[in-house]
Amino acid sequence: MLPTKGYAAMTAKTALQPFSFERRDVGPQDVLITITHCGICHSDIHQARDEWGGSIFPMVPGHEIVGTVAHVGSAVTKFKTNDRVGVGCFVDSCRTCAACREGSEQYCEAGMLLTYSGRDKDGQPTQGGYSTQIVVDENYVLRIPSALSPAGAAPLLCAGITTYSPLRHWGVGKYHKLAVVGLGGLGHMAVKIAKAMGTEVTVLSTSEQKRKDAERLGAFEFALTSQPETFTRLQRRFDFILDTVSASHNYNEYVNLLKTDGTMILVGVPDKPTLLEPFPLILHRRRIAGSVIGGIRETQAMLDFCATHKIESDVEVIPVQHVNEAYERVLKGDVRFRFVMDLASLK
Ligand code: NAP
Ligand code: ZN
Ligand code: ZN
């Protein structure tokens, strides 16, 4: 077993604290990764506080992981020592169901094995990237293109793929108008990626102070959702809406902003459900859909796309010791746009 240092939530109600634990030994198919950077996703906060239920404690969160290969197992063919690699939200799946075979492991019929707060085959809880090292099967490891900086690439492993995958799945492109709701970690990646796909992007936000950020990121327009006028002026404007908001809000108002046959895609996970009104959907044959992260092949394609288009996340790099303060700032929307922890601070 490999002694590892990390930061963990010991319960849903306590601040994260230093935590020592063990990683499994490197098996024939495994890659041992020295973690250099890990992003803080809002999902880490939801899970560390058990807001979705089923959290396993102690929990070392973190699924936006970048590092370098320290050692490879005897049968590993895809990676070698010193390669720059990444790990996202899952580290295994059944590999045999239709979803796994087509590269949509995130929809594995047996359930993907989450990078943290999951149970590995041996029954041990998985632990994530707020730690010095991780052991992962090579088939669930991504290659980080050299054009990307390690800190700027880390959030791509969740925020990047979560926004890229639905945009690709629904074929969002040049002739479409897209609204991105919520300009946070996911939202700012959605703006950058959709812009690179040639899409006209409007940001719908609760924060007037993000207007300038939206412009800088390349948004065509910015509108405040606190102003009722936004919902009349933008009626039937969009082909797609990508909703990244982490708190409950009224979906029905947004549905009215879709054209006929438009699609509202939910990726944000609010704490409370919303009542859906049928008429806004029925009268213009609109759809509401959802999407979760992306498969391994698709995540690699997204990383390569970001390297080609020079897209990274806008990050504030912090030592891991500042994680609790960072959680509070994420909840206040006080970060442009992702905290990334420098794991050298744990050595
Ligand atoms: P984040 O950085 O905190 O961004 C969320 C944004 O939502 C905020 O920046 C804010 O944008 C807006 N917002 C927050 N509270 C709001 C409220 N009360 N009313 C309206 N808008 C509000 O979080 P994130 O890391 O991007 O994650 C966003 C959500 O996606 C989380 O629920 C997370 O769990 C979920 N998620 C889902 C997947 C998936 O696969 N589906 C993957 C990763 C994360 P403005 O200031 O612009 O309004
Ligand atoms: Zn995430
Ligand atoms: Zn499967």
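Residues numbered from 1 in each chain as written. Chains lettered and ligands numbered in written order. Predicted model: local features only at pLDDT ≥ 70, side-chain atom pairs only at ≥ 80, totals over all residues. Heavy atoms only, no water.

**Q** An account of the overall build of the protein is needed here, citing residue identities and associated values.
**A** For the protein, the count of helices and strands is 11 helices and 17 strands. Relative to a compact globule of 347 residues, whose C-alpha radius of gyration would be 20 Å, the protein shows 20 Å and is just as compact. In terms of overall dimensions, the protein has a C-alpha envelope of 60 × 40 × 35 Å along the principal axes. Here the protein holds 347 residues, and 57% of them are scored as buried. A separation of at least 24 residues holds for 68% of the contacts in the protein among residues at least 6 apart in sequence. Just so you have it, the protein exposes about 14,800 Å², and 53% of that area is on carbon and sulfur atoms. Side-chain charges in the protein split into 37 positive and 37 negative, and the spacing between the mean points of these groups amounts to 4 Å. (Helix = DSSP H or I, 4+ residues; strand = E, 2+ residues; numbered from the N terminus. Rg over C-alpha atoms; globule rule 2.2 N^0.38 Å. Buried < 20%, exposed > 50% of the residue type's maximum accessible area, 1.4 Å probe, protein only. Contact = heavy atoms within 4.5 Å. Areas by Shrake-Rupley, 256 points an atom, 1.4 Å probe, with all protein chains shown as cover. Lys, Arg positive; Asp, Glu negative; His and termini not counted. Charge placed at Lys NZ, Arg CZ, Asp CG, Glu CD.)

**Q** Quick rundown of the packing of helix α4 (residues 159-169) against helix α5 (residues 185-196)? Include the residues and the values.
**A** Running from N to C, α4 and α5 point in directions that differ by 50°, and their axes come no closer than 8 Å. Taken as axis vectors, α4 and α5 run oblique relative to one another. You can see that α4 and α5 cross each other, and the crossing is right-handed. Where α4 abuts α5, its residues A159, G160, T162, T163, Y164 and L167 lie against G185, L186, M189, A190, I193 and A194. (Axes fitted to C-alpha atoms, helices over the stretch in contact; angles between N-to-C directions. Parallel < 35°, antiparallel > 145°, perpendicular 65-115°, else oblique. Left-handed = near helix turned anticlockwise from the far one by under 90°.)

**Q** Hey, could you go over the coordination of the zinc ion (ligand 2) for me, with residue numbers and the actual values?
**A** In the first shell of the zinc ion (ligand 2), the protein supplies C41 (SG), H63 (NE2) and C158 (SG), at 2.0 to 2.3 Å from the metal. Of note, the donors binding the zinc ion (ligand 2) are all from one chain and are spaced C-x21-H-x94-C. Taken together, the residues C41 in the loop between β3 (30-39) and α1 (42-48) and H63 in the loop between α1 and β4 (65-72) connect sequence positions 22 residues apart. Comparing C41 with H63 shows no difference in burial state: the two are buried. (Donors = N, O, S within 2.8 Å, 3.2 Å for Na, K, Ca; no water.)

**Q** Account for the site of ligand 1, with residues named and values stated.
**A** By nearness alone, 28 residues border ligand 1, and S205, T206, S207, K210 and R338 come closest of all. Taking K210, its side chain carries an N or O atom lying 2.7 Å from an oxygen atom of ligand 1. At a separation of 2.6 Å, an oxygen atom of ligand 1 approaches a polar side-chain atom of R338. Listing elements by their share of the shell around ligand 1, those giving two or more residues are α1 and α5. For the shell around ligand 1, the leading source of residues is α1, giving 3 residues. Along the lines of polarity and charge, the residues of the shell around ligand 1 split into 12 nonpolar, 14 polar and 2 charged. (Near = heavy atom within 4 Å. Polar contact = N/O pair within 3.5 Å; in protein donor to acceptor, adjacent residues only side chain to side chain. Nonpolar A, V, L, I, M, F, W, Y, C, P; charged D, E, K, R; others polar.)

**Q** Pulling in residues and values, what's your account of the pattern of salt bridges?
**A** Side chains carrying opposite charge are able to pair once their charged atoms draw close together. A complete count under the given rule lists 23 salt bridges for this structure. A salt bridge links E64 to R338; its shortest N-O distance comes to 2.9 Å. Placement of the pair is E64 in the loop between α1 and β4 and R338 in strand β17 (residues 338-342), with a sequence separation of 274 residues. Here the two residues E64 and R338 agree in accessibility, since each one is buried. Salt-bridge contacts for D314 lead to K192; the nearest nitrogen and oxygen are separated by 2.6 Å. Residue D314 is located in the loop between α10 (296-308) and β16 (315-319), and its partner K192 is located in helix α5; the two are separated by 122 residues in the primary sequence. (Salt bridge = Lys/Arg side-chain N within 4 Å of Asp/Glu carboxyl O.)

**Q** Quick rundown of the packing of α4 against α10? Include the residues and the values.
**A** Closest axis-to-axis distance for the α4/α10 pair is 10 Å, and the angle between their directions is 100°. Our classification of the angle between α4 and α10 gives roughly perpendicular. Mapping the contact onto sequence places G160, I161, Y164, S165 and R168 in α4 and E298, T299, A301, M302 and F305 in α10. Of the residues assigned to the contact of α4 with α10, the class counts are 5 nonpolar, 3 polar and 2 charged.

Treat this as a map of the structure, not an account of what it does.
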